[in-house]
Amino acid sequence: MKNDSIRLQPALPGEEAAFNKTVSRKKFLSALGIGSLGIAAIASCNKDDDGMGNRVPPGSIDLGKGDTGILNYAYALEQLEAAFYTKVAQSPYSGITAAETALLTDIRDHEVAHREFFKKALGAAAIPALNVNFSGIDFSKRDAVLATAKAFEDLGVSAYNGAGALIDDKNYLLLAGKIVSVEARHAAYIRDLISNGSFADNTIIDANGMDQAKTPADVLMIAQSFLTSKLWGGNLPKS
Amino acid sequence: MNLYQLFSNMEKIDPDIYGRIDSRRKAIRNFAGIGGKLALAAVPLALGGLLNKAYSQSAPADITGVLQYALTLEYLEAEFYTKAVASGIIPGGAPTGALTTIRDHENQHVAFLTAVIKQLGATPVSKPTFDFTAGGHFATVFSNYDVLLAVAQTFEDTGVRAYKGQAGVLMSNNTVLTAALNIHSVEARHASHIRQMRRARTNDATIKPWITGKNPGGIDDDAVQKSYNGEELTTQAGIDLTGFVSANAASESFDEPLTYDQVIAIVQPFIKQ
């Protein structure tokens, strides 16, 4: 089945027997209260078969399909992060310490390396340079900058974690793996700057000790609010 | 009737439908699916190849094998942090809080991997007997806080590299792959925090939340060095990153995998049997 729900739930003791029962699709449907009429109604509004669902909205940048699409998706996120930390380094927030300056500059360089890596790897298939919109961020305030940094880093981690299963080529999967752990190191550092000890607290890590994985659709919705360029991921792989 | 199309449409109408109703069942069904196949062939082989009843002699070639290997590493970390928190040498407040958080995650990883391996129809490997002094090499691991943090950092950075090295083997099952990725990034968060703790204690600005070159961060030790060798790459997929950033930043911006054999060589001294 496609569209795997990528957030794995904990297997609680005593529930295992229930999991092992195969639930047929028919039972599953009837449990949802969807009869044959409902099926007909849903099927009649299907647009995928005639390709209508895959048309790029006017003025949007199509990330593309397959692994190229996922690489462009990553390239878009790295562009966003690199632009943000470049701005942070150019106009440091008030009261920034020497240590913070050094490590936030490191992060900027890492994001620039990621951005340039994807640009070069994608070559002619790369999406254009994106226009960012940071008008809602007060770069003079530590709290505002770090809160945005935290949001970007946690989002980046969840984006790569969610993208892993969408990648076909083993080498690209490994590259994504090499990058995501660096984003996680950033996320933990930024979180600790905001509140020491929050590097992996229960606002981000679940009861299985696991990080989050988000779908491109969810990630793009959040990323879009920081961009004037319009991204479209309608051709990205779903599984 | 095109059931596949139907499910796809239902998901468009209610995008969260699987999340609310079916995610757990489906996840487990995926595991059960592979378990059935593995039970016929791969599992007996994997179990038959155990060394010291802890891990197999050869690199895992299938999902169960990778999970058993991961479980062994999580056992190591879980017991290490359990003993660390109980050692009485961790300062109260933030340091004890952080190591307790990490301990709990490692225990959760053990519980999760154990449950998944069982769902696959295999028997989870049993916990080895550990020697965290590594035969006396780290004799003061639970009496010297700095040694304890150095070992912790080595375990975390090694764990990140170990999971990364197995991603390719897990590609055939998206649910397992995603779970492993979700553990992998948590280990990286741990590594980042332990490195910050070491940086704060030593005032050594070369110890960063990320790995610079193949520098272990002020730990001068041949055994530890093995966990960092190979991290110094500045070229990825044929692209030289020093054209864009410094060599240090280039090496920091990508973490590198370790093979099964490399990881076993690193953890072997900590395993008595």
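Residues numbered from 1 in each chain as written. Chains lettered and ligands numbered in written order. Predicted model: local features only at pLDDT ≥ 70, side-chain atom pairs only at ≥ 80, totals over all residues. Heavy atoms only, no water.

Chain B goes by Ferritin-like domain-containing protein in an unreviewed UniProt entry, where it is assigned to Niabella pedocola.

An unreviewed UniProt entry annotates chain A as Ferritin-like domain-containing protein originating from Niabella pedocola.

Quick look at the overall build of chain B
Helix and strand counts for chain B stand at ten helices and four strands. Counting from the amino terminus, helix and strand elements in chain B follow one another as α-α-α-β-β-α-α-α-α-α-β-β-α-α. Across the 273 residues in chain B, those meeting the buried criterion constitute 57%. Sequence-distant contacts in chain B: of pairs separated by 6 or more residues, those separated by 24 or more amount to 70%. Total accessible area computed for chain B in this model is approximately 10100 Å², and 55% of it derives from carbon and sulfur atoms. (Helix = DSSP H or I, 4+ residues; strand = E, 2+ residues; numbered from the N terminus. Buried < 20%, exposed > 50% of the residue type's maximum accessible area, 1.4 Å probe, protein only. Contact = heavy atoms within 4.5 Å. Areas by Shrake-Rupley, 256 points an atom, 1.4 Å probe, with all protein chains shown as cover.)

Some points on the packing of helix H5 (residues 94-119) of chain B against helix H6 (residues 145-166) of chain B
Residues and elements named next belong to chain B. Where H5 meets H6, the axes come as close as 13 Å, and the angle between the chain directions of the two elements is 35 degrees. Between H5 and H6 lies a crossing of left-handed hand. On H6, the residues that touch Pro 95, Leu 99, Ile 102, Glu 106 and Leu 113 of H5 are Tyr 145, Leu 148, Glu 156 and Tyr 163. Across the contact of H5 with H6, the residue classes tally to seven nonpolar, no polar and two charged. (Axes fitted to C-alpha atoms, helices over the stretch in contact; angles between N-to-C directions. Left-handed = near helix turned anticlockwise from the far one by under 90°. Nonpolar A, V, L, I, M, F, W, Y, C, P; charged D, E, K, R; others polar.)

Some details on the nonpolar core
Soluble, globular proteins show a tendency: their nonpolar side chains are buried together. Among the nonpolar cores identified, the biggest contains 134 residues, and Tyr73(A), Phe84(A), Phe118(A), Leu231(A) and Phe80(B) are the most heavily contacted of them. With 13 residues, helix H4 (residues 63-86) of chain B is the single largest residue contributor to this core. Leave out the neighbours within four places in its chain, and Phe118(A) touches Leu71(A), Ala74(A), Tyr75(A), Glu78(A), Tyr160(A) and Ile179(A). (Core = buried A, V, L, I, M, F, W, Y, C linked by side-chain atoms within 4.5 Å.)

Here we look at the packing of aromatic side chains
Overall, the coordinates contain 20 aromatic pairs over all chains when judged by the stated rule. An aromatic cluster of three or more residues is present, and its members are Phe80(B), Tyr81(B), Phe130(B), Phe132(B), Phe138(B), Phe142(B), Phe155(B) and Phe270(B). The positively charged end of Lys87(A) is found above the aromatic ring belonging to Phe139(A), 5.5 Å away from the centroid. (Phe/Tyr/Trp six-rings, centres within 6.5 Å; stacked < 30°, edge-to-face > 60°. Lys NZ or Arg CZ within 6 Å of the ring centre and 35° of its normal.)

Considerations on the environment of Tyr75(B)
Residues and elements named next belong to chain B. Tracing the sequence through the fold places Tyr 75 in helix H4. Among the residues examined, Tyr 75 registers a relative accessible area of 12% and is labelled buried. In this structure, the C-alpha to C-alpha distance between Tyr 75 and His 109, residues 34 residues apart in sequence, is 8.7 Å. Each residue touching Tyr 75, except ones within four places of it in the same chain, is listed here: Val 110, Val 125, Ser 126, Lys 127, Pro 128 and Phe 130. A polar contact of 2.8 Å, which involves the side chain of Tyr 75, links it to the backbone oxygen of Val 125. (Polar contact = N/O pair within 3.5 Å; in protein donor to acceptor, adjacent residues only side chain to side chain.)

Considerations on the confidence of the model for chain B
Summarising the model, chain B shows a mean pLDDT of 84, and 79% of its residues fall at 70 or more. Confidence drops under pLDDT 50 across residues 1-54 of chain B; counting only partners more than four residues distant or on other chains, this segment forms 104 contacts. (pLDDT = per-residue confidence, 0-100.)

Observations concerning helix H4 (residues 66-90) of chain A
Residue pairs spaced three or four apart in an α-helix point in one direction, given the helix's 3.6 residues per turn. Here H4(A) spans 36 Å end to end across 25 residues, near enough to the 36 Å set by a 1.5 Å rise per residue. The element H4(A) is largely enclosed, with a buried count of 18 among its 25 residues. (Expected span 1.5 Å × (residues − 1).)

Brief notes about the pattern of salt bridges
Any two side chains of opposite charge can pair if their charged atoms end up close together. Per the counting criterion, the structure on display carries 19 salt bridges over all chains. Residue Arg191(A) is joined to Asp154(A) by a salt bridge in which the shortest nitrogen-to-oxygen separation is 3.0 Å. Taken together, the residues Arg191(A) in helix H7 (residues 170-194) and Asp154(A) in helix H6 (residues 142-163) connect sequence positions 37 residues apart. Since its relative accessible area comes to 3%, Arg191(A) is described here as buried. Note that Arg201(B) is salt-bridged to Asp146(B), the shortest N-O span being 2.6 Å. With a gap of 55 residues between them, Arg201(B) in helix H7 (residues 174-202) and Asp146(B) in helix H6 connect regions that are remote in the sequence. We classify Arg201(B) as partly exposed; its relative accessible area is 44%. Residue class for Asp146(B) comes out partly exposed when judged on its relative accessible area of 36%. (Salt bridge = Lys/Arg side-chain N within 4 Å of Asp/Glu carboxyl O.)

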